[in-house]
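Residues per chain are reported as follows:
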Amino acid sequence: MIPGAIVFEFPKDFFGGLWVTVQISALGLAGALIIGTGIALLRVSPLRPLRWIGAAYVEFFRNTPLVVQLFFLFLGLPLIGFRFASDTFDNIFRAACVGMALYHGAYVAEIVRGGLLGVDKGQIEAARSLGLSYVQMLRFVQLPQTFRSIVPPLGNIAIALVKNTSLASTIGVADLLFGAEVVESRTFRAEEGFGAATVLYLFLTGPLGFAVNALERRMLIAR
Amino acid sequence: MDITEFLQAHGLRPSTWPMFADPAIWRFFGEGIRETLLISVVAVAVSFVAGLLLALGRLSTRRWIRWPSIAWIESIRALPVLLLIVYFGIKGSSLFRPIFGPDFDLPRFWAGVLGLSMYTSAVLAEIIRAGILSLPRGQTEAARALGLSHPQTLRHVILPQALRLMVPAMMAQLTTVIKDTSLVGTIGVFELLRQGRTIYTQFFNPIEVLLIVAFIYFVICFVLSQLSRRLELGRAPRLARIKIQEVQLRDQAA
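Overview of the structure. No experiment lies behind these values; they were computed from the predicted model shown.

The rules behind these values
- Residues numbered from 1 in each chain as written.
- Chains lettered and ligands numbered in written order.
- Predicted model: local features only at pLDDT ≥ 70, side-chain atom pairs only at ≥ 80, totals over all residues.
- Heavy atoms only, no water.
- Helix = DSSP H or I, 4+ residues; strand = E, 2+ residues; numbered from the N terminus.
- Contact = heavy atoms within 4.5 Å.
- Buried area = accessible area lost by both parts, 1.4 Å probe.
- Salt bridge = Lys/Arg side-chain N within 4 Å of Asp/Glu carboxyl O.
- Polar contact = N/O pair within 3.5 Å; in protein donor to acceptor, adjacent residues only side chain to side chain.
- Phe/Tyr/Trp six-rings, centres within 6.5 Å; stacked < 30°, edge-to-face > 60°.
- Buried < 20%, exposed > 50% of the residue type's maximum accessible area, 1.4 Å probe, protein only.

Residues and elements named next belong to chain B. Residue placement: isoleucine 25 occurs in helix α2 (residues 23-59). Taking the C-alpha atoms as reference, isoleucine 25 lies 8.4 Å from isoleucine 199; in sequence the two are 174 residues apart. Beyond its immediate chain neighbours, meaning those up to four positions away, isoleucine 25 contacts Met19, Phe20 and Ile199.

The partner chain B presents 49 residues to the 50 residues of chain A that form the contact. Buried surface at the junction of chain A and chain B, summed over both partners, amounts to about 4100 Å²; 68% is from carbon and sulfur atoms. For the chain A face of the interface with chain B, the top three residues by lost area are Asn63, Leu79 and Lys163 of chain A, together amounting to 17%. At the surface where chain A touches chain B, the tally comes to one salt bridge. A salt bridge links glutamate 191 of chain A to lysine 91 of chain B, with the nearest nitrogen and oxygen atoms 3.7 Å apart. Remark: the boundary between chain A and chain B carries seven residue pairs in polar contact (both at pLDDT 80 or more). Contributions of two or more residues to the side of chain A that touches chain B are made by α3 (48-62), α4 (66-79), α5 (88-118), α7 (134-164), α8 (176-187) and α9 (190-222) of chain A.

This paragraph deals with the packing of aromatic side chains. All names here are of chain B. As enumerated under the stated definition, the model contains 15 aromatic pairs over all chains in all. Measuring from ring centre to ring centre gives 5.5 Å for tyrosine 87 and phenylalanine 88, while their planes differ by 70°; the resulting arrangement is edge-to-face. Exposure class is identical for tyrosine 87 and phenylalanine 88. Each is buried. Ring geometry for phenylalanine 100 and phenylalanine 104: centres 4.8 Å apart, planes at 35°, overall tilted.

Backbone geometry places phenylalanine 188 of chain A, a non-glycine residue, at a positive phi of 60°. Position of phenylalanine 188 of chain A among the secondary structure elements: in the loop between α8 and α9. In this structure, phenylalanine 204 of chain B takes a positive phi of about 55° despite not being glycine. Along the polypeptide, phenylalanine 204 of chain B turns up in the loop between α9 (192-203) and α10 (206-231).

What follows concerns the pattern of salt bridges. Pairing is possible between side chains that carry opposite charge, provided their charged atoms lie close to one another. Applying the stated criterion across every chain, the model contains 11 salt bridges over all chains. Salt-bridge contacts for arginine 189 of chain A lead to glutamate 9 of chain A; the nearest nitrogen and oxygen are separated by 3.1 Å. Separated by 180 residues along the polypeptide, arginine 189 of chain A in the loop between α8 and α9 and glutamate 9 of chain A in helix α1 (residues 6-9) bring together distant segments of the chain. With relative accessibility at 23%, the residue arginine 189 of chain A sits in the partly exposed group. In this structure, arginine 58 of chain B and glutamate 126 of chain B form a salt bridge, with 2.8 Å as the shortest nitrogen-oxygen distance. Of this pair, arginine 58 of chain B sits in helix α2 while glutamate 126 of chain B sits in helix α5 (residues 108-134), and the two are 68 residues apart along the sequence. Note on accessibility: arginine 58 of chain B and glutamate 126 of chain B belong to one class, buried. A network of salt bridges, in which partner residues are shared, links Arg58, Glu74, Arg77, Glu126 and Arg129 of chain B.

Right under this line is the structure:
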């Protein structure tokens, strides 16, 4: 018997699951970047209440487990009349995406904030004294300089996010880990099933890891 | 229409907050908290030992030790911790049967510890290695020049300094492990989240229960992360700080 053949015996569970994992990762990452940038702007804003809201968001989402947040999104919200979709499967899929975005958004926010604060103060003062409004200054001076320095840490977040999508299986999303569990319960071939899932996860996170490490090394030399 | 919708539509879901005044509920939560803290402390202790060995393996000058260590650490770090936990939850018992006899049944608790520490040891190995590499090379050279052997240098000069440098980073990792323990509920360890799930399946009140559970996790993790921040990473050299930041971002799981 050929090792790894189990993948082709149950292509729907493995490749279908892999596709769902990729989808949740992509949507979750996009959401996390948007949320994270927004929260980071709150955290550096000149208004104290806004800064306070940003800090509360970051601390809350970073210090509670993602599974608890996912359970809340898919079990708790429907009870107060909010569903992401009327269809049950759509609902848990979207709940998983939103959960990924909210949780990792908090980490993204901290990185973006670090990048924003890393921009030289003289630049900001110069931009303001040249007559740029606060928003213009953000748009043309502070944000563009921020993005360069935050790419490697954001890559690390992306890796964490891909791995964390496996938690979606606990709320019933048919992702890669879920597929492996299903195959195991049908065939009792745990080593093969989980081994195949392991290889497929490495297939996703491995190249990302290499890219981030290479970028980090380049940034280290540049600085 | 499912049961919760039905109850809601007919106004049959009264507020369940008053039930949390009952001390019995809190004893139930308390058991979960105890299990959560116990499993995370045991997992961190196990992973510290394993992580130290892995870090030394990765720094070894012998290729046949170094390369397998690198491959092991990097592939474990690239995996979801839940996959490891679920695997040991299913196969943990049969893995140990050749050693402990055919009737051996691995307790759920130890299956959870195994999954958690397999992952955490790889992460701690990277943190410890960053600490060791960040020490000035003069330390090793001086120790060797004074006639200490390589193991003696490690034992008396390098490790005491490197480990002390890495205490805040390891404490931060403890908060990650505490959050990760919420996953061992899926293989039947009765930790905090699992206890909460038992309550809300009885009383149909996931909102209240999950808010309380989230709040308890928040208090524990917030206090720990503030403590580790108080201890400051500032003393660690820049290269070690960058490595630690990377590890903390990439390997913070659930």
